[in-house]
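Architecture at a glance
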Amino acid sequence: MDAGYLTVSHQARQVGSEVTLGKPKSEASNRVIALDHNTITVLRRHRAQARTPLRSQPVGYLFPNGWGEPIRPDSITHLFRTLNDQAGLPPIRLHDLRHGAASLSLAAGNDLKTVQDLLGHASIVLTADTYTSVLPTLAHQTAEATARLVLDAARTTATRLRPKRRPHRTTGRRLITVGRRAATHAA
């Protein structure tokens, strides 16, 4: 936490009533995730309060059960459903939070590669295929941002490339446009 990163190196899997700890399912799932300062503050506060009933020392897991062991995945799912229902929110799965985080990351302007790394996807194609529904909502923002860059560059370049204008000579005639034809008349 001092460096502001979370390292994903293990995961708890539950089959029936048995919980095992093991490596994540793919090499890309082993990852380091940068944390914002608000999250770090909350995690530090939580860690300081995380104590086993038998010891007053902090336990090895950030989110332990009462015996200092990892919380069972089904317990987390049950707690999430309970809190979701109590809040009166539409029913969503705990896994949907992962999708929400990816969507918010894209909406914040992060690129697809960054979101792929955040999620631990082995392929950017999987990330793109999964989150293409979010991308159209960002299309206008992207178009506007790109246009701003192009126009800014054009203004800067045009200023440097534009030749100095010579003053026009006055001929005593002026151009009058009528429909599609132009005629010159003496002034």
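Residues numbered from 1 in each chain as written. Predicted model: local features only at pLDDT ≥ 70, side-chain atom pairs only at ≥ 80, totals over all residues. Heavy atoms only, no water.

Observations concerning the overall build of the protein chain
Stated formally: Helix and strand assignments come from DSSP, with helices taken as H or I runs of at least 4 residues and strands as E runs of at least 2, each series counted from the N terminus. Throughout, a contact is declared for two residues whenever any of their heavy atoms are within 4.5 Å. Calculation of accessible area relied on Shrake-Rupley with a 1.4 Å probe; when residues are assessed, cover is drawn exclusively from the protein chains displayed.
What the protein chain contains, in helices and strands, is six helices and six strands. Mapped from its N terminus to its C terminus, the protein chain presents α and β elements in the order β-β-β-β-α-α-α-α-α-α-β-β. Nonlocal contacts in the protein chain, meaning residues at least 24 apart in sequence, comprise 34% of its contacts between residues at least 6 apart. Of the roughly 14800 Å² of accessible surface on the protein chain, 58% is carried by carbon and sulfur atoms.

What about helix α2 (residues 73-86)?
Heads up, the rule is: Here, expected helix span is obtained from the residue count minus one, scaled by 1.5 Å.
With 14 residues, α2 ought to run about 20 Å at 1.5 Å a step, and its terminal C-alpha atoms sit 20 Å apart, in line with that. Just downstream of α2 lies G88, where phi reads positive at about 75 degrees.

Re the nonpolar core
Our working definition: Here the nonpolar core consists of buried residues drawn from Ala, Val, Leu, Ile, Met, Phe, Trp, Tyr and Cys, with membership extended through side-chain atoms lying within 4.5 Å. Exposure is judged per residue with a 1.4 Å probe applied to protein chains only, and the accessible area is read against the type maximum: over 50% gives exposed, under 20% gives buried, and values in between give partly exposed.
Core analysis: the biggest nonpolar cluster contains six residues, these being A102, L106, V115, L119, Y131 and L138. Breaking this core down by element, the ones donating at least two residues are α3 (96-107) and α4 (112-119). In this structure L119 touches R31, R98, A102, T127 and Y131, once residues within four positions along its chain are discounted.

Examining the side chain of T127
On the secondary structure map, T127 appears in helix α5 (residues 124-131). Since its relative accessible area comes to 0%, T127 is described here as buried. In this structure, T127 is in contact with L112, V115, Q116, L119 and H121, ignoring residues within four places of it in sequence.

What about the packing of α4 against α5?
The cut-off we apply is this: To obtain each axis, a line is fitted to C-alpha atoms, and for helices this fit is confined to the stretch in contact; angles are then taken between N-to-C directions over 0 to 180 degrees. Any angle from 65 to 115 degrees is called roughly perpendicular, while one under 35 is roughly parallel, one over 145 is roughly antiparallel, and all others are oblique. Note on residue classes: Ala, Val, Leu, Ile, Met, Phe, Trp, Tyr, Cys and Pro are nonpolar, Asp, Glu, Lys and Arg are charged, and everything else, Gly too, is polar.
One way to put it is that α4 packs onto α5 with a least axis distance of 9 Å and a crossing angle of 100 degrees. The orientation of α4 with respect to α5, classified from their angle, is roughly perpendicular. Contact residues: L112, K113, V115, Q116 and L119 in α4; I124, T127, A128 and Y131 in α5. Its residues placed into classes, the contact of α4 with α5 shows six nonpolar, two polar and one charged.

A few points about α3
Our working rule: The directions from the helix axis to the C-beta atoms form the arc being described.
With 12 residues, α3 ought to run about 16 Å at 1.5 Å a step, and its terminal C-alpha atoms sit 16 Å apart, in line with that. All buried positions along α3 are accounted for by A102, S105 and L106. Axial view of α3: buried residues confined to an arc of 100 degrees, hence all on one face. Count one or two residues on from α3 and you reach G109, which has phi positive near 100 degrees.

Some thoughts on a nonpolar patch on the surface
Threshold: Residues form patches when they are more than 30% accessible in relative terms and have no salt bridge. Like charges link within 9 Å. Nonpolar side chains (Val, Leu, Ile, Met, Phe, Trp, Tyr) link within 5 Å. Definition used for salt bridges: Asp or Glu carboxyl oxygen within 4 Å of a side-chain nitrogen of Lys or Arg.
A cluster of nonpolar side chains, I76, I92, L94 and L97, forms an exposed patch at the surface whose accessible area comes to about 300 Å². With respect to the helices and strands, the residue I92 is situated in the loop between α2 and α3. Here I92 falls in the partly exposed class, since its relative accessible area comes to 38%.

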